[in-house]
Amino acid sequence: MRLNGWLYFWLRAPVRPNLRAQLGPGPDKYLPGWINIDANILSGKCDVWADLRHRLPFRDGTVAAMYSHHVVEHLPDLAFHFREAFRCLQPGGVYRVGGPDGDVAIRKFVEGDNAWFSDFPQVRRSIGGRFENYIFCGGEHLTILTRSFLEELMSDAGFINLRACFPAKETNYPELLGDCLTREYEWDADAPHTLIIEGQKPCTD
């Protein structure tokens, strides 16, 4: 994967107006017209097979919009990831990132709201077990995502105009990110399971 991403970067990475990239489309969230990157060549439908834990396979300042949905919580070094996303974006480019909403999960845990949590990946009766399911997903998730944490990471990477999207199916950049909204889901508008934040790379003179 790492070699394939490196080869794409040097030999095939496009440079064209309005280039948009989705990170981790999985088997059913492929976005036509975007460059879809996934680490799983067997189950993921993608244009580029690359390991998202490493350098992203795009040239500096070439991507107009980047999108990931329930992906970054699987990555071991989020600070590095957001620096990479920032590097790839054009001045004025935007990154829309979504993942499990730790803030709401903590609130629902304190409230004892078992029904908010699902039985995935394991059936658990206790609120603590269901909370652990949601946060760590059988060891697949490496961190807890909260709004303040994501804003800190994105701000440190250089992003500005940070904004949490609530309800989830809204965006400040419909001309760039409107396609993404068809791939998103939320079954509790008042207590969303997904935290979504958009950030922009500053424009230059």
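Position labels on residues start from 1 in each chain and follow its written sequence. Reporting in this predicted model follows two pLDDT cut-offs: at least 70 for local features of residues, and 80 or more for side-chain atom pairs to be given and counted; totals over whole chains, interfaces and linings ignore these cut-offs and use all residues. For the side-chain quantities, the full set of heavy atoms in the structure was used; hydrogens and water were omitted.

1. Section: the overall build of the protein chain
Numbering goes from the N terminus for both helices and strands, where a helix is a DSSP run of H or I of at least four residues and a strand is a run of E of at least two. Assigned secondary structure in the protein chain consists of six helices and seven strands. The N-to-C order of helical and strand elements in the protein chain reads α-β-β-β-β-α-β-α-α-α-β-α-β. Burial status follows relative accessibility: with a 1.4 Å probe on protein chains alone, a residue under 20% of its type maximum counts as buried, one over 50% as exposed, and anything between as partly exposed. Among the 205 residues that make up the protein chain, the fraction classed as buried is 50%. By definition, residues are in contact when any of their heavy atoms lie within 4.5 Å. At a minimum sequence separation of 6, the contacts of the protein chain that also span at least 24 residues come to 66%.

2. Quick word on the environment of D38
Tracing the backbone through its elements, the reader meets D38 in strand β2 (residues 35-38). Contacts described as polar in this section are N or O atom pairs within 3.5 Å, which, within protein, must combine one atom able to donate a hydrogen with one able to accept it, while residues neighboring in sequence count only if both atoms come from side chains. A distance of 2.8 Å separates a polar side-chain atom of D38 from the backbone nitrogen of G26.

3. With respect to the pattern of salt bridges
Between side chains of opposite charge, a pair can form when the charged atoms approach closely. The salt bridge criterion pairs a side-chain nitrogen of Lys or Arg with a carboxyl oxygen of Asp or Glu, the two atoms within 4 Å. Here the structure, examined in full by the defined rule, presents 14 salt bridges. For D119, the salt bridge identified is with R130, shortest N-O distance 2.5 Å. Of this pair, D119 sits in the loop between α3 (102-111) and α4 (127-136) while R130 sits in helix α4, and the two are 11 residues apart along the sequence. On the basis of relative accessibility, which here comes to 41%, the residue D119 falls in the partly exposed class. On the basis of relative accessibility, which here comes to 11%, the residue R130 falls in the buried class. Ionic pairing is found between R147 and E151, a salt bridge with its closest N-O pair at 2.9 Å. Of this pair, R147 and E151 both sit in helix α5 (residues 147-157), four residues apart, which is roughly one turn of that helix.

4. Considering the packing of α3 against α4
To get an axis, a line is fitted to the C-alpha atoms, and for a helix only the part in contact is used. The angle between two axes follows their N-to-C directions and goes from 0 to 180 degrees. Viewed as axis vectors pointing N to C, α3 and α4 meet at an angle of 175°, and their least axial separation amounts to 10 Å. Judged by the inter-axis angle, α3 sits roughly antiparallel to α4. Here α3 contributes A105, I106, K108 and F109 to the contact with α4, which in turn contributes I127, G128, F131, Y134 and I135. Each residue receives one of three labels: charged for Asp, Glu, Lys and Arg, nonpolar for Ala, Val, Leu, Ile, Met, Phe, Trp, Tyr, Cys and Pro, and polar for the others, Gly being one of them. Of the residues assigned to the contact of α3 with α4, the class counts are seven nonpolar, one polar and one charged. Our angle categories are set so that under 35 degrees counts as roughly parallel, over 145 as roughly antiparallel, 65 to 115 as roughly perpendicular, and the remainder as oblique.

5. Thoughts on the sheet that holds strand β6 (residues 160-164)
Between any two strands, at least two bridges found by DSSP are needed for them to pair. Pairing in this open sheet of seven strands is mixed, and the strands run β3-β2-β1-β4-β5-β7-β6 from one edge to the other. Either end of the sheet is taken by a strand with one partner, and the two such strands are β3 (48-49) and β6. Where strand β1 (residues 20-23) and β2 come together, three bridges link them in parallel fashion. Within β2, the residue paired with L23 across the bridge is I37.

6. A word on unusual backbone geometry
Going from F120 to P121, the amide bond is cis rather than trans, its omega being 0°. Locating P121 in the fold gives a position in the loop between α3 and α4. Non-glycine residue C137 carries a positive phi angle of around 45°. Along the chain, C137 turns up in the loop between α4 and α5. Given a relative accessible area of 13%, C137 falls into the buried group.

7. A few points about the side chain of R20
Mapped onto the secondary structure, R20 falls in strand β1. The exposure class assigned to R20 is buried, which follows from its relative accessible area of 12%. Among the polar contacts made by the side chain of R20, one reaches the side chain of D179 at a distance of 3.3 Å. In contact with R20, other than residues within four places in its own chain, are W34, I35, V63, A65, E175, L176 and D179.

8. Focus on the packing of aromatic side chains
Think of a pair of aromatic rings as described by two things: how far the centres are apart, and how the planes are tilted against each other in angle. What counts as a ring pair is set by centres within 6.5 Å for rings of Phe, Tyr and Trp (its six-membered ring), and what kind of pair is set by the plane angle: stacked under 30 degrees, edge-to-face over 60, tilted for all other angles. Applying the stated rule across the entire model yields nine aromatic pairs. Here the aromatic rings of Y95 and F159 are separated by 6.4 Å at their centres, their planes lie at 45°, and the arrangement is tilted. Note that Y95 is positioned in strand β5 (residues 89-100) and F159 in the loop between α5 and β6, a separation of 64 residues in sequence. Taken as a pair, Y95 and F159 share a single burial class, namely buried. Taken together, the ring pairs in this structure connect F109, W116, F117, F131 and Y134 into an aromatic cluster. Its end group placed over the ring of Y30, K45 keeps NZ or CZ at 4.7 Å from the ring centre. Above the face of the F86 ring, K201 is positioned so that its terminal group lies 4.9 Å from the ring centre. Comment: the charge-over-ring label is applied if NZ (Lys) or CZ (Arg) is within 6 Å of the ring centre and within 35 degrees of the ring normal.

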